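Residue-level structural notes
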Amino acid sequence: MNIPDTVSNDLPPGDDAPASPEDDANGATDSKPHPLHRRLKSFVKRAGRTTDGQARAFAELGPLFLIPYTPEPLDLTAAFGGRAGPTVLEIGFGMGEATAHIATVLPETNFLCCEVHEPGVGALLKRIGEQQLSNIRICAHDAVDVLDHMLQPGTLAGVHVFFPDPWHKKRHNKRRLIQPEFVTKLAQHLRPGGYIHCATDWQPYAEQMLEVLAAEPLLRNTAEGYAPKPEYRPLTKFENRGIKLGHGVWDLVFEKRA
Ligand SMILES: C[S@@+](CC[C@H](N)C(=O)[O-])C[C@H]1O[C@@H](n2cnc3c(N)ncnc32)[C@H](O)[C@@H]1O
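Residues numbered from 1 in each chain as written. Predicted model: local features only at pLDDT ≥ 70, side-chain atom pairs only at ≥ 80, totals over all residues. Heavy atoms only, no water.

Thoughts on the packing of aromatic side chains
Rules: Each Phe, Tyr or Trp ring, with Trp reduced to its six-membered ring, pairs with another whose centre is within 6.5 Å; inter-plane angles below 30 degrees give stacked pairs, above 60 give edge-to-face pairs, and intermediate values give tilted ones. Secondary structure elements are taken from DSSP: a helix is a run of H or I of four residues or more, a strand is a run of E of two residues or more, and numbering for both begins at the N terminus. Exposure categories follow from relative accessible area, calculated using a 1.4 Å probe and restricted to protein chains: below 20% of the type maximum is buried, above 50% is exposed, and the middle band is partly exposed. Any Lys NZ or Arg CZ that is within 6 Å of a ring centre and within 35 degrees of that ring's normal is treated as a charge sitting over the ring.
Inspection of the entire model under this criterion finds 1 aromatic pair. With a centroid separation of 5.6 Å and 85° between ring planes, the pair formed by F163 and F238 is classed as edge-to-face. With F163 in the loop between β4 (156-162) and α6 (180-189) and F238 in helix α8 (residues 237-244), the pair connects residues that are 75 residues apart, well separated along the chain. Of the residues examined, F238 reaches a relative accessible area of 25% and is grouped as partly exposed. Residue placement shows K41 over the ring face of F43; its charged tip is 4.9 Å from the ring centre. Cation over ring: R176 sits above Y205, and NZ or CZ is 4.7 Å from the ring centre.

In structure tokens form, the structure reads like this:
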């Protein structure tokens, strides 16, 4: 199926958008929440126009590939049309370029992919149609809720977190996805031998990732320090642009201990 597009909406992935209390629908503002009750809010919804092609993909493919968020355990095999297979959770796929590539090179794996940016969801649906992908399902919802309410501990074969919002400013660092409590939660949801693969082009965040992942007792590093880029992860347009500007990229791959 080839769904034509009319307007390119291949925006660079979201960056350090200013956070304000109004952005924060659930009230996790910068104003002193109790640390034990602070809820991770790792994104600010970006504006963005859904193209005609993306809208068509929503209408035609949404019913087949979108998993609605409900705070109840998800039957993963049923969600993938009866296809039992290892399931990888991707958090924040942006426009889905890497996601679609990886789903093609790892056809036996089921990918449950979370993204809150609507044009990105449309873009991935469009790629699913164009590339005839059957091993992706999308939950257009906060991955923190999905993990908390829809996924069972010990079930995931892997977690992909590629170029998560870096939240550069010190006072926004707490919005970073890769921080101790969330990594513990991710590790608990992995099956033994399952992996977490993170990548970033922001060195201070890479350093934080390495420190936090290495400190999680359920995990072990598959490399000494940063990992070589696994073959399945493609160099995206965004990453190539960065590399041309001389920016570094750091991959981290940690495995759940048996
Ligand atoms: C900087 S972009 C990177 C996108 C993509 N992984 C890439 O490499 O191009 C980070 C994305 O993560 C999404 N995101 C951040 N927190 C999220 C969450 N808790 N649940 C789902 N998506 C999230 C944002 O909407 C944004 O599109």
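Thoughts on the site of the ligand
What counts here: Throughout, near means a residue has at least one heavy atom within 4 Å of the molecule or strand. By the criterion applied in these results, polar contacts are pairs of N or O atoms within 3.5 Å in which, for protein atoms, one can donate a hydrogen and the other can accept it, and in which residues neighboring in sequence qualify only through two side-chain atoms. With residues, only the protein chains shown are counted as cover, and all accessible areas are computed by Shrake-Rupley using a 1.4 Å probe. The classification used treats Ala, Val, Leu, Ile, Met, Phe, Trp, Tyr, Cys and Pro as nonpolar, Asp, Glu, Lys and Arg as charged, and all other residues, Gly among them, as polar.
S42, R46, G92, E115 and F162 are the nearest of the 17 residues found near the ligand. Within the contact set of the ligand, a nitrogen atom lies 2.9 Å away from a backbone nitrogen or oxygen of A143. In the complex, 94% of the free accessible area of the ligand, which totals 590 Å², lies under the protein chains. A breakdown of the residues in the shell around the ligand according to their chemical character gives 8 nonpolar, 5 polar and 4 charged.

Quick notes on the pattern of salt bridges
Should their charged atoms come close, side chains of opposite charge can pair. For clarity, the cut-off: Between Lys or Arg on one side and Asp or Glu on the other, a salt bridge is scored when a side-chain nitrogen of the former is within 4 Å of a carboxyl oxygen of the latter.
Evaluated as defined, the whole model comprises 7 salt bridges. Residues R39 and D142 are paired through a salt bridge, measuring 3.3 Å at the closest nitrogen-oxygen approach. With R39 in the segment before α1 (52-65) and D142 in the loop between β3 (136-139) and α5 (143-150), this residue pair connects regions lying 103 residues apart in the sequence. Put simply, K185 and D148 hold a salt bridge, and the shortest N to O gap is 2.9 Å. Separated by 37 residues along the polypeptide, K185 in helix α6 and D148 in helix α5 bring together distant segments of the chain. Among the residues examined, K185 registers a relative accessible area of 24% and is labelled partly exposed.

Quick look at the sheet that holds strand β1 (residues 87-91)
In plain terms, the rule: At least two bridges found by DSSP between two strands are what make those strands a pair. Comment: axis = line fitted to C-alpha atoms, over the contacting stretch for helices; angle = value between 0 and 180 degrees taken between N-to-C directions.
Overall, mixed pairing links the 7 strands, which are arranged β3-β2-β1-β4-β5-β7-β6 in an open sheet. Taken across any chain shown, the strands that pair with only one partner, and hence form the sheet edges, are β3 and β6 (219-221). The mean angle between the axes of side-by-side strands here comes to 20°, regardless of whether they run parallel or antiparallel. Note: strand β2 (residues 110-114) against β3, 4 bridges, orientation parallel. When the bridges of β3 are listed, C113 appears paired with I138.

Remarks on the UniProt feature "binding site: substrate" (unreviewed entry) in the chain
Using the following cut-off: UniProt positions are given in the numbering used here, feature names are shortened, and annotations may be inferred rather than shown by experiment. By definition, residues are in contact when any of their heavy atoms lie within 4.5 Å.
Those residues carrying the UniProt feature "binding site: substrate" (unreviewed entry) are K169, D201, T236, K237, F238 and E239 in this numbering. Relative to the assigned elements, D201 resides in the loop between β5 (190-200) and α7 (203-215). Take T236: it is sitting in the loop between β6 and α8. When its relative accessible area of 10% is taken as the criterion, T236 is described as buried. If near-sequence neighbours (up to four positions away) are discounted, T236 is found in contact with E97 and A98.

Focus on helix α3 (residues 97-105)
Along α3, the residues classified as buried are A98, T99, A100, I102 and A103. Check the buried side of α3 and you find it contacts β1, β2, α4 (118-130), β3 and β4.

What about the pairing of strand β7 (residues 250-256)?
Taken across its 7 residues, β7 has 6 buried, putting it largely inside the fold. Judged from the 6 bridges that link them, β5 and β7 form a sheet pairing that is antiparallel. Bridging from a neighbouring strand, T200 pairs with W250 of β7. Pairing geometry for β6 and β7, over 3 bridges, is antiparallel. If you follow R220 over to β7, its bridge partner there is E255.

So, the pairing of β1
Counted only if it meets this: Here is how to tell: hold the view so the strands point away, follow the path from the first strand over the helix to the second, and if it runs clockwise the crossover is right-handed.
With 5 of 5 residues buried, β1 is to be regarded as a mostly interior element. Residues T87, L89 and I91 line one face of β1 and the alternating positions V88 and E90 line the opposite face, and both faces are buried. Across 5 bridges, β1 lies against β2 in parallel orientation. Bridge pairing links L89 to L112 in β2. Following the chain from β1 across α3 to the adjacent parallel β2, one finds a crossover that is right-handed.

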